[in-house]
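# Descriptive structure summary
These are the residues of each chain, in order.
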Amino acid sequence: MIKIKILPENVLLEVEIGSNLLNVFREKGIDIESDCGGKGWCGKCKVRLAKGKVTELNDVEKRMLKNEEINRNIRLACQLFLIEDNIEVEVMNKNKKIEIVTNFLKSREGKKNPLVRLKPFKLEPPSLKDQRSDLERLSSIDTNLHFEDLRLLRNLPHLLREYNFEGKLVIFKDEIIDIRDRNFKSIYGVAFDIGTTTIVGYLLDMNDLREVDIISRVNPQRVYGSDVLSRISFILQNSDGVDILHKVLIRTLEEIILEFSKRNHINLDDIYAISIAGNSVMTHIFLGISPEYISYSPFSPAFRDSLVISSREIFSILPKAKLYIFPLVSGYIGGDIVAGIIATDLLREKGNILFIDIGTNGEIVLKVEDRLYSCATAAGPAFEGGNISCGMIASQGAIDHVWLKDGKVFYSVIGGGEEKGITGSGLLDAISVMLELGILDSKGRINDEEFYIGKIKITQRDIREFQLAKSAIRAGIEVLMRNASIGYDKIDKIYIAGAFGNYIDKENALKIKLLPPISKDNIFLVGNSSGMGAKLVLLDKEIIEKAKEISKKIEYIELSSNSEFNKYFVEFMYF
Amino acid sequence: MEILREIANSVIAGNKKRVQELVNKALEENISLEEIINDGLLAGMGVIGERFKRNEIFVPEVLVSARAMQAGMDILRPLIVNSKGIIKGKIVIGTVKGDLHDIGKNLVSMMLEGAGYEIIDLGIDVSPEKFVEAIKEHNPDIVGMSALLTTTMPQMKVTIDTLKKEGLRDRVKVIVGGAPVTPEFAREIGADGYAKDASEAVELVNSIISKK
Ligand code: B12
Ligand code: FES
């Protein structure tokens with residue numbers, strides 16, 4: 001056995017000689033980013049060797065690391081093996097995404113407050129002396145609880161007698177939604193993040209308050225158009241359009257639920273709570289409400305407040321559960337953003353924080369003191385590879401990173417193998433490299449028409465599309481900062497959410513002026529914050545109130561009629 | 001003439017101040033308005049249009065040059081007594097109802113202005129009724145509509161149908177544009193022309209006017 005110390009926390013571990021460092025981290029539960037899972041193409045698992053000796057730098061590391069990093073003793077955890085005693089390493093990139101949920105749970109320890117829970121009861125059976133109704137008897141357990149479900153009332157008399165007046169209440173928030181026998185133990189919740197492109201479902205064990213499973217699927221509505229407006233166009237052109245889009249969505253969500261049930265051997269009947277976070281258009285369609293009036297000026301949604309409804313109104317496979325739907329802020333700031341603000345605990349964090357969901361809708365929230373400003377910048381799909389000649393979403397075969405080493409261009413491909421296209425993060429890197437090489441000028445002009453990354457050609461039109469998308473986001477940031485009357489030096493942190501956010505190279509994002517000039521150490525990639533918010537509301541019912549407060553508090557700044565926006569939009573098209 | 005070439009170059013470089021200086025100097029030298037405009041200011045915008053079309057320059061450069069050109073025009077406009085040979089035609093333009101995007105439309109307006117047309121810009125969120133009113137009031141040769149949202153494109157057809165109902169359709173040519181608009185869509189709704197970008201819009205308008 002040899003000793004290894006992990007900095008800066010000074011965690012001391014004893015490990016087998018010859019262990020792989022990434023494996024050590026995994027086994028000991030130490031957090032480190034490792035997007036490729038240790039295959040050696042993501043370069044995320046960087047550590048700094050502060051003391052001691054390990055295996056020599058291998059070819060993968062030589063390819064992935066910059067000279068400057070090698071000089072600083074930076075290594076890749078997945079590539080090195082521990083061969084000597086008394087080693088000290090520092091983890092460079094931690095999984096910010098996971099930290100948020102675990103930190104939250106840690107801060108909540110002791111005050112467990114789940115949205116759905118079980119409460120045992122034992123009642124005196126009725127007698128001639130005590131002829132109270134079954135419902136009164138049940139309600140006497142806790143006067144804070146209420147009861148609304150006719151279907152349950154129909155069964156109540158039989159159930160109570162079958163269980164001998166002893167069993168467990170299933171309570172959603174403060175409502176009794178079911179009664180089960182006294183041995184019944186496990187209840188579950190499902191959190192959904194309904195994105196325009198991707199849907200993610202999380203299965204949570206509501207007893208132990210832990211995540212059990214996760215399934216992600218492409219949003220089946222994609223065949224009806226990639227952005228929300230194209231989906232609404234379909235609705236405008238087809239009288240049963242809402243119905244069609246609603247049904248394909250619900251079918252996929254039900255498939256995810258069924259898959260959870262099968263994979264984890266749980267009863268559908270034991271799922272009692274579902275939470276839904278989605279942008280405003282997705283939330284409308286989920287509920288079967290036409291989003292038509294969101295799609296043109298003055299962009300008004302049908303509703304804004306959060307909703308709690310019976311799951312049977314939406315899911316035929318879940319007759320007894322309850323659905324919680326995150327509140328919306330406006331037609332273009334939806335429940336996904338509210339959930340993201342919850343997950344990152346934006347309101348309670350100190351300082352001024354910029355929260356950006358870099359995607360087609362480009363939602364931005366700026367928290368200054370206790371105020372929240374927001375806008376939607378309509379960046380378009382370039383970050384997801386849309387409208388780019390060889391563009392593709394971040395999936396197998398997409399170039400996701402490009403970098404220079406000794407004047408030569410290197411790149412990585414998701415899933416290894418041959419490059420099939422380039423995704424937003426790859427294009428962002430490519431632009432930064434092209435600027436560095438002088439192939440591209442700061443106005444966005446390519447002097448040398450032919451620029452290839454592997455087999456993928458970056459065209460002048462691609463750069464122009466990217467300029468529009470990048471500048472829309474940056475201009476939105478500038479407008480919010482003006483509204484809050486703060487300058488760059490007053491921004492303490494930037495949180496980047498969304499799928500693209502996971503891959504983005506912070507330094508390059510600063511270099512091409514997508515982000516305002518702040519230290520890259522204050523930029524955090526927060527992953528799927530919408531999904532995390534959806535999970536958190538299941539774990540803590542107080543979040544319902546918090547979400548309500550946030551949706552009321554957020555100030556929405558309409559950019560359409562904002563002349564400042566146009567000014568910045570033109571200004572920041574340059575790199 | 002050297003000074004006209006210099007005016008054109010200053011427009012291309014987007015040097016507003018220099019354009020103003022040179023235009024004043026040209027006036028002192030008694031060069032005709034027509035020449036200053038056509039061979040100076042508009043010649044410069046012509047080059048900008050070409051470069052924009054070839055993607056060599058982008059929105060910011062066009063805007064800067066257009067502003068320089070406009071600064072020159074502002075000096076000359078009050079002096080124009082007879083617009084014949086200077087103003088090639090009149091165009092009413094606007095972004096359709098429900099749509100508030102105007103950067104593309106503004107670019108088109110400026111390029112058309114830079115090609116010698118008089119522009120009446122109705123702004124954004126323009127209802128069919130407002131188009132009708134403007135046509136009655138200004139009697140333009142061409143009406144241009146812009147839409148950036150797939151959900152507001154149908155408003156173009158509504159507007160054309162309204163023009164028909166009002167008996168105005170034959171008095172004007174209708175052209176349409178905006179990122180989601182296609183030539184097929186333009187044909188389908190009965191528009192007279194479509195252009196994919198601002199410099200193509202100039203070519204389109206030139207060809208419509210020359211056929212008149
Ligand atoms: C800037 C922008 C905004 C700005 C608009 C500022 C302004 N005052 O114009 C703001 C942030 C306010 C905005 C708001 C919205 N936007 Co917006 N926006 C964009 C963006 C990023 C760029 C558009 C642009 O200015 N392009 C540059 C100009 C120069 O190009 P252009 O407009 O195409 O014009 C050229 C040609 O089309 C042609 N042309 C244009 N008009 C005409 C007219 C005639 C007669 C002719 C001949 C030619 C012609 O010539 C022009 C010059 O070459 C695009 C996405 C993108 N990357 O393209 C989204 C985009 C257009 N917006 C979109 C959406 C959905 C919205 C919103 C509805 C929702 C939102 N916030 O997300 C709101 C609502 C506003 C509204 N209803 O108008 C969507 C539309 C999707 C769809 N399928 O329809 C896009 C495509 C982004 C996306 N995929 O989500 N947006
Ligand atoms: S985990 Fe080491 S390179 Fe990806």
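Residues numbered from 1 in each chain as written. Chains lettered and ligands numbered in written order. Predicted model: local features only at pLDDT ≥ 70, side-chain atom pairs only at ≥ 80, totals over all residues. Heavy atoms only, no water.

### A closer look at the overall build of chain A
As a reminder, the rule being used: Here a helix means four or more residues in a row that DSSP labels H or I, a strand means two or more in a row labelled E, and each is numbered from the N terminus. C-alpha atoms define the radius of gyration, and 2.2 Å times the number of residues to the power 0.38 defines the globule rule. Using a 1.4 Å probe on the protein chains alone, a residue whose accessible area is under 20% of its type maximum counts as buried, one over 50% counts as exposed, and one in between counts as partly exposed. Every residue pair with non-hydrogen atoms within 4.5 Å of one another is taken to be in contact. Under the convention used here, a 1.4 Å probe and the Shrake-Rupley method define accessible areas, while residue burial counts only the protein chains that appear. When charges are counted, Lys and Arg contribute as positive and Asp and Glu as negative, whereas His and the chain ends are disregarded. By convention, the charge on Lys lies at NZ, on Arg at CZ, on Asp at CG and on Glu at CD.
Within chain A one finds 16 helices and 26 strands. Radius of gyration (C-alpha) of chain A: 26 Å, near the 25 Å computed for a compact globule of 575 residues. If you line up chain A on its principal axes, its C-alpha atoms span 95 × 65 × 45 Å. Considering chain A as a whole, with its 575 residues, one finds that 57% of them fall into the buried category. For chain A, contacts bridging at least 24 residues in sequence account for 66% of all contacts bridging at least 6. By element, 48% of the accessible surface of chain A is carried by carbon and sulfur atoms, the whole surface being about 24,000 Å². Of the charged side chains in chain A, 77 are positive and 81 negative; the average position of the first set lies 2 Å away from that of the second.

### Comments concerning the coordination of the cobalt atom of ligand 1
Note the cut-off: For Na, K and Ca the donor cut-off is 3.2 Å, and for all other metals it is 2.8 Å, counting N, O and S atoms only; because water is absent from this set, sites may look incomplete.
For the cobalt atom of ligand 1, the protein supplies a single donor, His101 of chain B (NE2), at a distance of 2.2 Å. Within the element layout of this structure, His101 of chain B appears in the loop between strand S1 (89–95) and helix H5 (103–113).

### Brief notes about the domain arrangement of chain A
All names here are of chain A. Selection rule: Source of the domain bounds: an automatic or database domain assignment. Buried area is understood as the total, over both parts, of accessible area removed when two parts are fitted together, assessed with a 1.4 Å probe. Here, a salt bridge means any Lys or Arg side-chain nitrogen found within 4 Å of an Asp or Glu carboxyl oxygen. Classes in brief: Ala, Val, Leu, Ile, Met, Phe, Trp, Tyr, Cys and Pro nonpolar; Asp, Glu, Lys and Arg charged; the others, Gly included, polar.
Domain boundaries assigned for chain A yield domain 1 (2–94), domain 2 (116–181), domain 3 (188–325) and domain 4 (345–575). Inter-centroid distance (C-alpha atoms) of domain 1 to domain 4 is 29 Å. In this assembly, 10 residues from domain 1 lie in contact with 11 residues from domain 4. Of the roughly 850 Å² buried between domain 1 and domain 4 on both sides combined, carbon and sulfur atoms contribute 49%. Our count for the domain 1 to domain 4 interface comes out at 0 salt bridges. At the level of elements, helix H2 (59–64) and helix H3 (67–71) are the ones that each hand at least two residues to the side of domain 1 that touches domain 4. Sorting elements by how many residues they give to the side of domain 1 that touches domain 4 places H2 first, with 3 residues. Classifying every residue of the side of domain 1 that touches domain 4 by side-chain character gives 4 nonpolar, 1 polar and 5 charged.

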